[in-house]
Amino acid sequence: MKTKNALKYASDQGAKFVSVRFTDLPGSWHHLTFPIKQLSEDSFEDGFGFDASSLRGWAAINESDMLLVPDPSHYWMDPFSDEPTLCLIANAVDPITKEGYPFDPRSVATRAESYLKFTGLADTANFGTEAEFFVFDSVKFHNDQNSAGFTIDSDEGHWNSGRAADEFSGSNLGYRIRPKEGYVPVPPADSLSDLRSEISLILADCGIDVECHHHEVATAGQCEIDFRFSNLLRTADNLQIFKYVVRNTAYTYGKAATFMPKPLYGDNGSGMHCHQSLWKGEKPLFGGDGYAGLSEMARHYIGGLLKHAAAIVAFAAPTTNSYKRLVPGFEAPVNLAYSARNRSAAVRIPMFSTNPKQKRLEFRPPDPSCNPYLAFSAMLLAGLDGVQNSIDPGEPLDKDIYDLSPEALKDVPSLPGSLDESLKALEADHEFLLKGDVFTTQLIDRWITYKREKEIQPLRMRPHPLEFNMYFDI
């Protein structure tokens with residue numbers, strides 16, 4: 001029935017093409033486009049063949065033949081294509097075994113949901129995300145042998161208060177957002193409200209229910225658009241659609257959107273707080289009569305998140321730039337504690353409602369540069385490990401952690417300070433990820449190798465512009 005519904009929708013919409021989309025190992029979307037006549041009921045079983053050898057972190061040249069098998073339950077029309085184009089999200093499948101390709105992130109998330117049901121503890125893990133992003137008017141960067149640098153600009157940026165009147169709009173009317181004072185102002189200071197509204201309408205056309213949008217804390221166009229939670233796999237899918245819509249809508253406005261965690265020095269970076277809860281049928285499992293209205297299962301889930309947090313962030317804060325945001329004493333929570341309402345704790349329990357159906361946990365270290373299929377799966381498996389082993393999270397820390405002295409924090413563990421350290425934590429602590437064959441040792445090894453060789457090592461070998469300021473005359 002799902003297959004027939006997808007085909008009928010394509011026909012009703014007058015689709016001329018189908019864009020089959022999938023995610024590479026680091027988390028970027030890719031697609032192949034076929035004339036709509038090539039899409040049939042068999043396509044949802046047999047898939048579309050493609051060469052995976054040139055994708056980041058994927059197949060070697062000798063095992064590059066792969067199938068893309070679309071999911072018939074999730075479809076929409078591409079809002080940015082000139083010709084009517086149906087969009088489908090696919091799993092990458094090994095053509096010989098017909099099983100999910102070991103390095104396909106969406107297949108990992110599919111296995112994570114299957115494992116959850118296998119445990120009998122719950123049958124649904126709901127995830128909700130708050131993916132922050134920046135919208136800039138100009139972005140320039142270069143990395144040559146003898147030169148490196150970047151320049152970003154936004155008409156909202158406080159540094160434009162004294163700029164010449166012939167730039168951007170041709171005038172300078174003085175409304176600017178001061179550093180760290182950009183949280184929910186009204187226009188004209190918030191110059192991106194209409195852009196966010198248009199993004200929200202386009203997301204609705206793609207089947208994503210927007211709940212709220214607003215300007216975020218940083219100057220220079222930091223935004224947040226919240227959309228309704230769903231199960232793990234659907235929320236990961238929706239986040240990929242969300243990024244696509246945000247980027248392309250900004251592009252049509254002549255602007256550039258980025259989900260880079262820390263593009264701007266001296267102001268807040270972009271995080272992606274992850275709300276999560278477990279359900280069995282229609283019964284919410286995290287509501288109870290314990291601390292902050294939590295059940296014992298929820299406490300143990302927190303225990304798992306905190307115990308494995310250093311390994312989780314290898315997937316949830318997976319770039320070298322992530323650790324420009326995860327700095328002790330600044331905006332992101334690096335201390336591994338939990339608390340009700342307190343946004344300085346790594347795990348927060350929102351207290352907006354006493355309704356058990358709204359009881360959830362918020363894991364705050366992740367950022368939107370992550371691959372959501374891998375990051376959500378890692379969080380779920382850590383939480384389940386906490387439940388299965390009754391891991392005690394200890395006492396809550398109901399204080400502003402940012403104001404505590406080093407002495408007061410000496411017994412509170414913290415996150416790794418770099419991507420390299422988080423990868424070492426993942427090497428030392430990944431058995432919980434192997435349960436149910438959700439992750440494999442091959443995928444974890446591939447991830448660690450890719451991050452070290454393609455991201456950490458190139459950055460380590462390149463002189464930084466700030467080093468000239470600090471050391472040129474030494």
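Residues numbered from 1 in each chain as written. Predicted model: local features only at pLDDT ≥ 70, side-chain atom pairs only at ≥ 80, totals over all residues. Heavy atoms only, no water.

### Description of the overall build of the chain
Here's step 1: What the chain contains, in helices and strands, is 13 helices and 17 strands.
Here's step 2: With the C-alpha coordinates aligned to their principal axes, the bounding extent of the chain is approximately 65 × 55 × 50 Å.
Here's step 3: Here the chain holds 474 residues, and 53% of them are scored as buried.
Here's step 4: When contacts within the chain are restricted to residue pairs at least 6 apart in sequence, those whose partners lie at least 24 apart make up 68%.
Here's step 5: Per element, the accessible surface of the chain, about 21,800 Å² overall, is 51% carbon and sulfur. (Helix = DSSP H or I, 4+ residues; strand = E, 2+ residues; numbered from the N terminus. Buried < 20%, exposed > 50% of the residue type's maximum accessible area, 1.4 Å probe, protein only. Contact = heavy atoms within 4.5 Å. Areas by Shrake-Rupley, 256 points an atom, 1.4 Å probe, with all protein chains shown as cover.)

### Focus on the nonpolar core
Here's step 1: Counting 120 residues, the largest nonpolar core has Trp 58, Phe 242, Leu 278, Met 379, Leu 380 and Phe 439 as the members making the most contacts within it.
Here's step 2: For this core, the element with the most residues is helix H9 (residues 372-388), which contributes 11 residues.
Here's step 3: Leaving out residues up to four positions away in the same chain, Trp 58 has contacts with Phe 22, Thr 23, Asp 24, Leu 25, Phe 50, Ala 52, Ala 92, Tyr 101, Phe 103, Asp 104, Pro 105 and Arg 446. (Core = buried A, V, L, I, M, F, W, Y, C linked by side-chain atoms within 4.5 Å.)

### Here's the deal with the packing of aromatic side chains
Here's step 1: Under the defined criterion, the tally for this structure stands at 22 aromatic pairs.
Here's step 2: On the basis of an interplanar angle of 70° and a centroid distance of 5.7 Å, the ring pair of Trp 29 and Tyr 244 is categorised as edge-to-face. Pair noted here: Trp 29 is in strand E2 (residues 29-35) and Tyr 244 is in helix H5 (residues 232-252), with a separation of 215 residues, a long-range link.
Here's step 3: By relative accessible area, which is 19% here, Trp 29 ends up buried.
Here's step 4: Ring pairing ties together the aromatic residues Phe 22, Phe 50, Trp 58, Tyr 101 and Phe 103, which thus form one cluster.
Here's step 5: Between Lys 243 and the ring centre of Phe 259, over which it is positioned, the NZ or CZ distance is 5.6 Å.
Here's step 6: The cationic tip of Arg 446 hangs over the ring face of Phe 103; the distance from NZ or CZ to the ring centre is 3.9 Å. (Phe/Tyr/Trp six-rings, centres within 6.5 Å; stacked < 30°, edge-to-face > 60°. Lys NZ or Arg CZ within 6 Å of the ring centre and 35° of its normal.)

### Remarks on the sheet that holds strand E4 (residues 65-77)
Here's step 1: In spatial order, the strands read E2-E1-E5-E4-E3; together these 5 strands make up an open sheet with mixed pairing. Two strands in the sheet have a free side with no partner beyond their single neighbour: E2 and strand E3 (48-51). Averaged over all neighbouring strand pairs, the angle between strand axes comes to 40°, with direction disregarded.
Here's step 2: As defined by bridge partners, E4 adjoins strand E5 (residues 85-93) across 7 bridges and the pair is classed as antiparallel. Counted as the bridge partner of Pro 70 is Ala 90 from E5.
Here's step 3: Strands strand E1 (17-23), E2, E4 and E5 of the sheet are contacted by H5, whose axis makes an angle of about 85° with E4. (Pairing = 2+ DSSP bridges. Axes fitted to C-alpha atoms, helices over the stretch in contact; angles between N-to-C directions.)

### Quick word on the side chain of Asp 237
Here's step 1: Summarising the element assignment, Asp 237 is placed in helix H5.
Here's step 2: Within the local environment of Asp 237, its side chain forms a polar contact with the side chain of Tyr 373, the two groups lying 2.5 Å apart. (Polar contact = N/O pair within 3.5 Å; in protein donor to acceptor, adjacent residues only side chain to side chain.)

### With respect to the side chain of Ser 43
Here's step 1: With respect to the helices and strands, the residue Ser 43 is situated in helix H2 (residues 43-46).
Here's step 2: Ignoring any residue separated from it by four or fewer positions in sequence, one finds Ser 43 in contact with Gln 38, Phe 48 and Pro 70.

### Structural notes on helix H1 (residues 2-12)
Here's step 1: Regarding H1, the residues found buried are Thr 3, Ala 6 and Ala 10. Buried residues of H1 fall within an arc of 65° about the axis and therefore sit on the same side. For H1, the exposed residues lying more than 90 degrees away from the buried face are Lys 8, Ser 11 and Asp 12.
Here's step 2: Buried-residue contacts for H1 involve H2, E4 and E5. (Arc of directions from axis to C-beta.)

### Description of the pattern of salt bridges
Here's step 1: Enumeration according to the criterion identifies 22 salt bridges in this entry.
Here's step 2: The salt bridge partner of Asp 190 is Arg 196, with a shortest N-O separation of 2.6 Å.
Here's step 3: Arg 196 sits in the buried class, given a relative accessible area of 2%.
Here's step 4: Between Glu 296 and Arg 299 there is a salt bridge, with its nearest N and O atoms 3.9 Å apart. Here Glu 296 and its partner Arg 299 are both found in helix H6 (residues 296-307), 3 residues apart, which amounts to about one turn of the helix.
Here's step 5: Here Glu 296 falls in the partly exposed class, since its relative accessible area comes to 48%.
Here's step 6: For Arg 299, a relative accessible area of 17% translates into the label buried.
Here's step 7: Sharing partners across several salt bridges, the network here consists of Asp 420, Glu 427, Arg 452 and Arg 460. (Salt bridge = Lys/Arg side-chain N within 4 Å of Asp/Glu carboxyl O.)

### Examining the packing of H6 against H9
Here's step 1: In the contact formed by H6 and H9, the axes pass within 6 Å of each other and the chain directions differ by 120°. Classified by the angle between their axes, H6 and H9 sit oblique to one another. In the packing of H6 onto H9, the handedness of the crossing is right-handed. From H6, Met 297, His 300, Tyr 301, Gly 304 and Leu 305 reach across to H9, where they touch Met 379, Leu 380, Ala 382, Gly 383, Leu 384, Gly 386 and Val 387.
Here's step 2: Of the residues contributing to the contact of H6 with H9, the split by class is 8 nonpolar, 4 polar and no charged. (Parallel < 35°, antiparallel > 145°, perpendicular 65-115°, else oblique. Left-handed = near helix turned anticlockwise from the far one by under 90°. Nonpolar A, V, L, I, M, F, W, Y, C, P; charged D, E, K, R; others polar.)

### Things to note about unusual backbone geometry
Here's step 1: The omega torsion across Pro 187 and Pro 188 is 10°, close enough to zero to call that bond cis.
Here's step 2: Within the element layout of this structure, Pro 188 appears in the loop between strand E8 (148-153) and helix H4 (193-205).
Here's step 3: Of note in the backbone geometry, Ser 390 takes a positive phi value of approximately 50° without being a glycine.
Here's step 4: Along the polypeptide, Ser 390 turns up in the loop between H9 and helix H10 (406-409).
Here's step 5: For Ser 390, a relative accessible area of 47% translates into the label partly exposed.
Here's step 6: Of note, the phi angle at Asp 437 is positive, near 55°, even though the residue is not glycine.
Here's step 7: Among the structural elements, Asp 437 can be located in the loop between helix H11 (419-428) and helix H12 (441-461).
Here's step 8: Classification of Asp 437 by relative accessible area gives exposed; the value is 58%.

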